[in-house]
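Working through the structure, step by step
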Amino acid sequence: MPQTTALTNIAALVTNDPAQGDGSPLGLIENAALVVEDGQVAWVGPTEKAPPADKAHDAGGRAAIPGFVDSHSHLLYAGDRTQEFNARMSGRPYTAGGIRTTVQATREASDEALAATLDAHLREMYAQGTTTLETKSGYGLSPEHEARALRVAALSGVDEVTYLGAHVVPPEYAHDPDAYTALVAGPMLRACAPHARWVDVFCEEGAFDEEQCRTILTAGREAGLIPRVHANQLSYGPGVRLAVELDAASADHCTHLTDEDVDALAHGSTVATLLPGCEFSTRAVYPDARRLLDAGVTVALSTDCNPGSSYTSSMPFCLAIAVREMNMTPDEALWSATAGGARALRRTDVGRLTPGCRADVALLDAPSHVHLSYRPGVPLVSEVWREGVRVA
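Quick notes on the rules
- Residues numbered from 1 in each chain as written.
- Predicted model: local features only at pLDDT ≥ 70, side-chain atom pairs only at ≥ 80, totals over all residues.
- Heavy atoms only, no water.
- UniProt positions renumbered as here; feature names shortened; annotations may be inferred.
- Helix = DSSP H or I, 4+ residues; strand = E, 2+ residues; numbered from the N terminus.
- Rg over C-alpha atoms; globule rule 2.2 N^0.38 Å.
- Contact = heavy atoms within 4.5 Å.
- Areas by Shrake-Rupley, 256 points an atom, 1.4 Å probe, with all protein chains shown as cover.
- Lys, Arg positive; Asp, Glu negative; His and termini not counted.
- Charge placed at Lys NZ, Arg CZ, Asp CG, Glu CD.
- Axes fitted to C-alpha atoms, helices over the stretch in contact; angles between N-to-C directions.
- Parallel < 35°, antiparallel > 145°, perpendicular 65-115°, else oblique.
- Left-handed = near helix turned anticlockwise from the far one by under 90°.
- Nonpolar A, V, L, I, M, F, W, Y, C, P; charged D, E, K, R; others polar.
- Polar contact = N/O pair within 3.5 Å; in protein donor to acceptor, adjacent residues only side chain to side chain.
- Pairing = 2+ DSSP bridges.

- The protein chain is annotated in an unreviewed UniProt entry as Imidazolonepropionase from Streptomyces diacarni.
- Of the comments in the UniProt record for the protein chain, the one headed Catalytic activity (unreviewed entry) reads "4-imidazolone-5-propanoate + H2O = N-formimidoyl-L-glutamate".
- Quoted straight from UniProt, the Pathway (unreviewed entry) entry for the protein chain says "Amino-acid degradation; L-histidine degradation into L-glutamate; N-formimidoyl-L-glutamate from L-histidine: step 3/3."

1. Some words on the overall build of the protein chain
- Within the protein chain, the secondary structure is distributed over 14 helices and 16 strands.
- Here the C-alpha atoms of the protein chain give a radius of gyration of 21 Å, agreeing with the 21 Å that 2.2 N^0.38 yields for 392 residues.
- For the protein chain, the share of sequence-separated contacts (at least 6 apart) that also reach a separation of at least 24 residues comes to 70%.
- Entry remark: accessible area of the protein chain is about 15300 Å², with carbon and sulfur atoms responsible for 51%.
- Computed over 30 positive and 50 negative side-chain charges, the separation of the two mean positions in the protein chain equals 2 Å.

2. What to know about the packing of helix α3 (residues 111-127) against helix α4 (residues 143-156)
- Look at α3 against α4: their axes get within 10 Å of each other, and the N-to-C directions meet at 45 degrees. Taken together, the axes of α3 and α4 are oblique relative to one another. Seen from above, α3 lies across α4 with right-handed handedness. When α3 is examined against α4, the residues D111, L114, A115, L118 and L122 are found in contact with a partner set consisting of R148, V152, A153 and S156.
- Partitioned by chemical class, the residues of the contact of α3 with α4 number six nonpolar, one polar and two charged.

3. Topic: the side chain of R214
- With respect to the element layout, R214 can be found in helix α7 (residues 210-222).
- A polar contact of 2.8 Å, which involves the side chain of R214, links it to the side chain of E245.
- Here R214 is in contact with L242 and E245, once residues within four sequence places are set aside.

4. A word on the sheet that holds strand β10 (residues 226-231)
- Overall, parallel pairing links the eight strands, which are arranged β6-β7-β8-β9-β10-β11-β12-β13 in an open sheet. Every other strand in the sheet has two partners, leaving β6 (68-70) and β13 (299-301) as the edge strands with one partner each. Strand-to-strand, the axes of this sheet are offset by a mean angle of 25 degrees, without reference to chain direction.
- Two elements, strand β9 (residues 198-203) and β10, share six bridges in a ladder whose sense is parallel.

Listed below in structure tokens is the structure:
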């Protein structure tokens, strides 16, 4: 029989299950314990009521939260964009190519180099409390290089892998974007679909227009992939409403929204994934999470970790920004960074700590989850358990 492990002496346990604890969306239990069996949560409740277990682990009066669910990242790349960031922060023009610079470096990199970069970022994420994450292709932009990136991700053990052939139009198709759209929706999709669960598009002026995105997402859905959309990041546009129309799992960025966009999200199942690290790193306007939450929209928070516009792997950092700059409460930000991310990935087994869920736990060197936004920049995550095993 599998052994059981009890985590005891937890000052405050966030379950994200209103049926547990105090009845709030966070399902908070004070002076709590959690029992793990076979990689899953078997029991949660007050420490004094904990059932016997084969092993015990004293949490030392620390808070425990579900592992963060980072539902949007771009970790399959090579190269460096430090000069671009330095120029942007110094007010100097920079014309070296942005995403296309990363595409060139990624195409030239070996499989081993791509895997090493990905592995380094995974270790960073685990150490900061992330236990479930999604990552995308999008820096290969050819059938060969996109499929290769997705294979590397699948072999690394990444939870959720997304095909993003429609990131930007590569230089070789600059004068015929419709031909590139046909490639993304045809031969490239056929090469990539076996290695991915999701299909994504960058629906934005300068990237792909509404009809190009609809073509690619529809083809992806017919190939068995589930749509996601980079939507309304740089300007008002059709991305959010297209995401809702196609029942995409998430519309990501959601920075520039009309009332119609908010209403569409509120009446659909598409999650609005907000990426505050991107606005922080580009000095752009932050999305208004309060507007979305008050309308009843499901909100997720994610890092958007990528080498150009949001080079952070820290969910606690993004959570603190969301509270300070995006009108979220500490409770709402934590829920969005855990249960909200799980919704964006259509997962019910992560983002919560309730019986039957995956035993993904982050212990904080603090008595309450509120310290994540109260003490920004402080490395509060002291222990991380993934599927009932300590990984950091």
